[in-house]
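Fold and geometry: a report
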Amino acid sequence: MKKEIKTDDYDTFTCIADKCSFTCCQEWKIAVDDVTYIKWNRLSLTNQNNNYLDQYVKQKDGTRVIALNEQKQCPFLNEQKFCNLVLNFGDEILSETCAIFPRQIHEFADRKEYSLASCCPEVVDFMNQKDKICFTKNMFDTDEDVLFQIRTMMITIMQNLHFSISKSLMMIFYILLDIHQNESVLKKQIDEYMDNTVLKELSDTIDNMQFLSLNTFEENNELFLDIAENYRKQELYTSYLEPIAVMAENLSRDYDKSKMIVQLQKFEKQFSTYEKLFRNYLVVEIFSNSLMPESDLESIVVMIQWIAMEYAIMRHAIFLSWLLDEQEKLSYSMVRDYIVVISRMMGYDQEDICEYLDKNFNNLIWEWGYLALIIGAE
């Protein structure tokens, strides 16, 4: 029997359906797998034979998806925020995406891994309530799989409270690039990276570097606008994206540098109150998305870049919203909603991530300095 590793809240998660503050049935691409599409070919929500369920499906980016209505909602969502498909036919009629969300399951040769996606507000609530993400099996047991050990190393660094979140990401990426330069790596060598002396030297080196907050701000502003562009064209997540995107466009043309430095410092103090939440979010992202059954070392490096960029854009979107509202304090509901929105916007598969990075950057693998630029100092 295969070993199973789960985030410790996986088995206790329950969808809260109509009570959800940010339904997964709105403004999102809902995939329809082949088996489900065949089921839907001869099923109708009404007694009219010309109103089969497959008529609600369209092709988008080479994938079958449910066609959203004018309100950008799934057409099967009723006014009480319940699914008419489930009410009429039961859970077995749902597509695989709807049936398992927000659960993520990856099956390896020797194990199965289970986690929950951060694009669900109830999952974010779980993360916010927990001091630390734990796993049902000890993640730190000896395992001969080198890639497994690399991921364990990354999670260990991210959960080390001696290092800030920004510094943890920089340290992880530095080590990954160092490993990537070698044609092969042994478990013994990975253990050497985890030596306290080595980690302290790396931490001290980062401490002695100069990070300019305005450079980080400007780069993240452009990254946010680029990621948001297609969603704005499709008029998705409009209430969340449009006001801050307009502000971002204005700031990209001109802003008061001295005033911005003060605002960034004030924001950082507020943002730091959610350190536990974002550390937990990053641990889950590393666990569930950095290592897939088909992964190699290069794909792990690419996924860490994407996770770091997602975090940077998320933080920037929250900053813009805070700036727009002129609030002294960051509200949890606003922080949670932008975690959900940006997670949904950037929930690409690995092929699409590689395509995006190839198109927008000179190299698929970044230099360490670029990740340090978008992450910045805390």
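Residues numbered from 1 in each chain as written. Predicted model: local features only at pLDDT ≥ 70, side-chain atom pairs only at ≥ 80, totals over all residues. Heavy atoms only, no water.

Things to note about the overall build of the protein
- Along the protein, the regular secondary structure elements total 16 helices and 5 strands.
- Radius of gyration (C-alpha) of the protein: 22 Å, near the 21 Å computed for a compact globule of 378 residues.
- Overall size of the protein, expressed as C-alpha extent along the three principal axes, is 70 × 60 × 40 Å.
- The buried share among the 378 residues of the protein stands at 50%.
- Within the protein, contacts between residues separated by at least 24 positions form 77% of all contacts whose residues are at least 6 apart in sequence.
- Summed over all atoms, the accessible surface of the protein reaches about 18,900 Å², with 47% contributed by carbon and sulfur. (Helix = DSSP H or I, 4+ residues; strand = E, 2+ residues; numbered from the N terminus. Rg over C-alpha atoms; globule rule 2.2 N^0.38 Å. Buried < 20%, exposed > 50% of the residue type's maximum accessible area, 1.4 Å probe, protein only. Contact = heavy atoms within 4.5 Å. Areas by Shrake-Rupley, 256 points an atom, 1.4 Å probe, with all protein chains shown as cover.)

Side note on the packing of aromatic side chains
- The final tally for this structure, using the stated rule, is 24 aromatic pairs.
- Centroid distance phenylalanine 271 to tyrosine 311: 6.4 Å. Interplanar angle 50°. Geometry classified as tilted. Of this pair, phenylalanine 271 sits in helix H11 (residues 257-271) while tyrosine 311 sits in helix H13 (residues 297-325); the two residues are 40 residues apart in sequence, bridging distant segments of the chain.
- Here tyrosine 311 falls in the buried class, since its relative accessible area comes to 0%.
- Lysine 6 extends its terminal NZ or CZ atom over the ring of tyrosine 114, reaching a point 5.0 Å from the ring centre. (Phe/Tyr/Trp six-rings, centres within 6.5 Å; stacked < 30°, edge-to-face > 60°. Lys NZ or Arg CZ within 6 Å of the ring centre and 35° of its normal.)

Focus: unusual backbone geometry
- For the bond from phenylalanine 101 to proline 102, the omega torsion is 5°, close enough to zero to count as cis.
- Its place among the elements puts proline 102 in the loop between helix H3 (96-100) and strand E4 (103-107).
- One non-glycine residue with positive phi stands out, namely lysine 81, at about 65°.
- With respect to the helices, strands and loops of the structure, lysine 81 is situated in the loop between strand E3 (63-66) and helix H2 (84-89).
- With relative accessibility at 40%, the residue lysine 81 sits in the partly exposed group.
- One non-glycine residue with positive phi stands out, namely glutamate 235, at about 55°.
- Positionally, glutamate 235 belongs in the loop between helix H9 (213-233) and helix H10 (238-253).

Digging into the nonpolar core
- Formed by 118 residues in total, the largest nonpolar core has its most connected members in Phe224, Phe278 and Met309.
- Counting residues per element, this core draws most heavily on H13, which supplies 20 residues.
- Those residues in contact with methionine 309 that lie beyond four places of it in its chain are Leu223, Ile227, Met346, Tyr356, Phe361, Trp366 and Ile374.
- In terms of nonpolar packing, the next biggest core, distinct from the first, is built from 10 residues, Ile30, Trp40, Val57 and Leu85 among them. (Core = buried A, V, L, I, M, F, W, Y, C linked by side-chain atoms within 4.5 Å.)

What about the environment of isoleucine 261?
- With respect to the helices and strands, the residue isoleucine 261 is situated in helix H11.
- Once you skip the residues sitting within four places of it in the chain, isoleucine 261 turns out to touch Ser213 and Leu214.

Functional significance is not addressed by these values, which are geometric in nature.
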